[in-house]
Structures are given as structure tokens and as C-alpha cells.
Amino acid sequence: MKISRGTLAAAGAYVLWGFFPIYWKFLQSVSPLEILIHRILWSLVVVLALLAVQKQWQWLRQSQARPAILRTFVVTGILLAVNWLVYIWANNNGHIVEASLGYFITPLVNVLLGLLFLHERLRRGQWLAIGIAAAGVLYLLLNASGLLWISLTLAFSFGIYGLLRKTAQLGSLPGLTVEMIVLCLPALAYALFLQSSGQAVFAHGPASTTILLALSGVVTAVPLLLFAHGARQVTLTSLGVLQYIAPTLQFLIGVLLYGERFTTHRVIGFSLIWLALVIYAWDSYQLSRNP
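Not measured: the values here are computed from a predicted model.

Conventions and cut-offs
Residues numbered from 1 in each chain as written. Predicted model: local features only at pLDDT ≥ 70, side-chain atom pairs only at ≥ 80, totals over all residues. Heavy atoms only, no water. Phe/Tyr/Trp six-rings, centres within 6.5 Å; stacked < 30°, edge-to-face > 60°. Helix = DSSP H or I, 4+ residues; strand = E, 2+ residues; numbered from the N terminus. Buried < 20%, exposed > 50% of the residue type's maximum accessible area, 1.4 Å probe, protein only. Expected span 1.5 Å × (residues − 1). Arc of directions from axis to C-beta. 1 Å grid on protein atoms, 1.4 Å probe; cavity = no way out; pocket = protein on both sides within 12 Å on 5 of 7 lines; lining within 4 Å. Points joined across faces, edges and corners; volume = space filled by probe spheres on them. Nonpolar A, V, L, I, M, F, W, Y, C, P; charged D, E, K, R; others polar. Core = buried A, V, L, I, M, F, W, Y, C linked by side-chain atoms within 4.5 Å. Contact = heavy atoms within 4.5 Å.

Enquirer: Describe the packing of aromatic side chains, listing the residues and the values that go with them.
Expert: The description of an aromatic ring pair uses the distance of the two centres, along with the angle that the planes make with each other. For the structure on display, the rule yields 18 aromatic pairs. On the basis of an interplanar angle of 50° and a centroid distance of 5.9 Å, the ring pair of Trp17 and Phe227 is categorised as tilted. Highlighted residues: Trp17 in helix H1 (residues 5–18) and Phe227 in helix H11 (residues 216–231), separated in sequence by 210 residues. Since its relative accessible area comes to 26%, Phe227 is described here as partly exposed. Pairing Phe104 with Trp274 gives two aromatic rings, centres 6.0 Å apart and planes at 80°, and the pair type is edge-to-face. Of this pair, Phe104 sits in helix H6 (residues 96–117) while Trp274 sits in helix H14 (residues 264–289), and the two are 170 residues apart along the sequence.

Shown next, in the form of C-alpha cells:
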């Protein structure tokens, strides 16, 4: 069976996202906030370079003519920064498993947000999946299984981000550019503060660390571009299945590579959430066969 280029691109994006924990672990000596500001600044450099190569500047007039577009991307930029910061902090403080759980929950959060804000009607299978996932999260909360606020913050920040981007009027690359422009001023101000106060690791620590911080923009942009390319060519059902590659790899890396604990309580809570995801995926598959 021949696999389409779109499927390969989307799968490649999720695989790269799945291996993110290893990349950020190499920067464990750097504070999460300094990693975040360099991710923002270097991502802006990358997206501006891509826009220059593609000569995609027509969206600038659209953004200037409609201030509401800018307001939307101010919010999405903040949500993205919160998501990135929490993920980096969790990753480098021994909570990769909780972070992976957040991205396992995200598809179900998307369904819930669609119900609440887009007035979408849920099918019976979706209701069942949300109910079982909620039971799993509640079980983990009651048994104090790790820092569950990490999982919930990642799931809801990315879910709300996706909801706003779904209704935004800019494409993926121009939208990311606006988000990085919104965030670049505070990021640059903090970077200059770190440099002037002698607290910066960038350009003062090991050369390998400086290089990894500078490459964080490329590391951010490449999977996003692969995803954008793949998403246009594959069905939503296929994307729904592929999206579990990233949190699965993150979970395995956390448990097998970095030795994070996977207690009995976590087994029970995660099992309920995984069951909910199986039901959700099966329901989406059935819908694609009988629209």
C-alpha cells in the first residue's frame, strides 16, 4: 500500500513533536523562561525568512485593515507562550508523563469546546468518550497522581488556541508570524535584561547550548510546516489517528528513557483516558465511513 506524501508529512510532524523531550532535556541547564524567549525570537526569524522566500505579504494589509484580527492573535500568542512554557518546565523537571497526558486529553477538550462555543452536536460515542476521560482525570486528581495541573493547562491552552485559530482569518504561517511579532517585544526585553544582568546562558554558556537555543526556531518551525502541508492533503480522520503519535512517543520517552514513575494509580487513570481515546477514534472512523 502506497502512503501519500501528505500522510508522511503529517506523521513526520508528530514524530518530531514526539521527540521534543530529548531536545529540551539537552537545555536542562537553562531556565525554562530563557528557553521560551529564544524559541519565540528565533521562530520569528525563521517565519520571516520563509515569508520573504515565498513573498507572502498580502496578509499584512488584511491585518492592518481589521484590528480584530490582531486582537485574536494577541490572545493566541499568549496561549501559545503559556503552552510552550509549561511544557518546557514540565519536561525539564521530570514531568514528561504529565505533559504527554495533556496532549492525550487535547482531542477530547477540542470536542468539548466545540460543544460549548461552536454549538456542535455531539454523537453518542463522543459523549461516552468525554465521560470516560473525565472519570480518568477525576481519578488522577483524587489520587494526587503527579502534577495534573500540567496536563490540564497544556490540554486547555492548546484546545482554546486551536478553537481561536479555527475561526481566525489568517493561514498557519502568517498567523504564526503575527503571534511571534506580538510576543517578540517582551521576549527581546527579557533577553536584553538577562544579558545586561549577567544571568544569560545564551552566548555565555557552552557553545553547544547557545547553538541549541538558536536552533529552537528551526525546531519549532519545521514540524509546523510539515503539519500544515500534510493537513491539507489527508482526511481529518487520518489526522485524528496520527495525532496520538506525539504524546505516545513522549510518554514512552518519559517512562523508558528518563525513568519517570508510572504508578498503579497512573495506570488506572491513563487506561481510562486511553479507552476514551479508542472510543473517540472508532466513532470518528465510523463517521468517515458513513457520513
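Enquirer: Describe helix H13 (residues 245–257), naming the residues involved and giving the relevant values.
Expert: The terminal C-alpha atoms of H13 lie 17 Å apart, and with 13 residues this matches the ideal 18 Å at 1.5 Å per residue to within 8%. Every buried residue of H13 is accounted for by Ala246, Pro247, Gln250, Phe251, Ile253 and Gly254. Seen along its axis, H13 keeps its buried residues to an arc of 160°; they face one direction. Of the residues in H13, the exposed ones pointing more than 90 degrees away from the buried face are Leu256 and Leu257. Positive backbone phi, at 65°, marks Gly259, one or two positions downstream of H13.

Enquirer: I'd like to hear about the layout of surface pockets, residue by residue, with values.
Expert: Unfilled space is identified by rolling a water-sized probe across the atoms. Roughly 190 Å³ of volume is contained in the second largest pocket. Residue lining of the second largest pocket: Ile105, Leu108, Val109, Leu112, Ile130, Ala133, Ala134, Val137, Leu152 and Phe156, and that is the complete set. Those elements giving two or more residues to the lining of the second largest pocket turn out to be H6, helix H7 (124–142) and helix H8 (148–167). Class assignment of the residues belonging to the lining of the second largest pocket gives a composition of 10 nonpolar, no polar and no charged.

Enquirer: So what about the nonpolar core? Which residues, and what values?
Expert: If you look at the biggest cluster of nonpolar residues, it comprises 27 residues, and the most contacted ones within it are Ile40, Phe73, Leu80, Trp84, Leu170 and Met180. Of all the elements in the fold, those that place two or more residues in this core are helix H3 (32–54), helix H5 (67–92) and helix H9 (172–197). When residues in this core are grouped by element, the largest group, nine residues, is from H9. Setting aside its immediate chain neighbours within four residues, Ile40 contacts Trp84, Met180, Leu183, Cys184 and Ala187.

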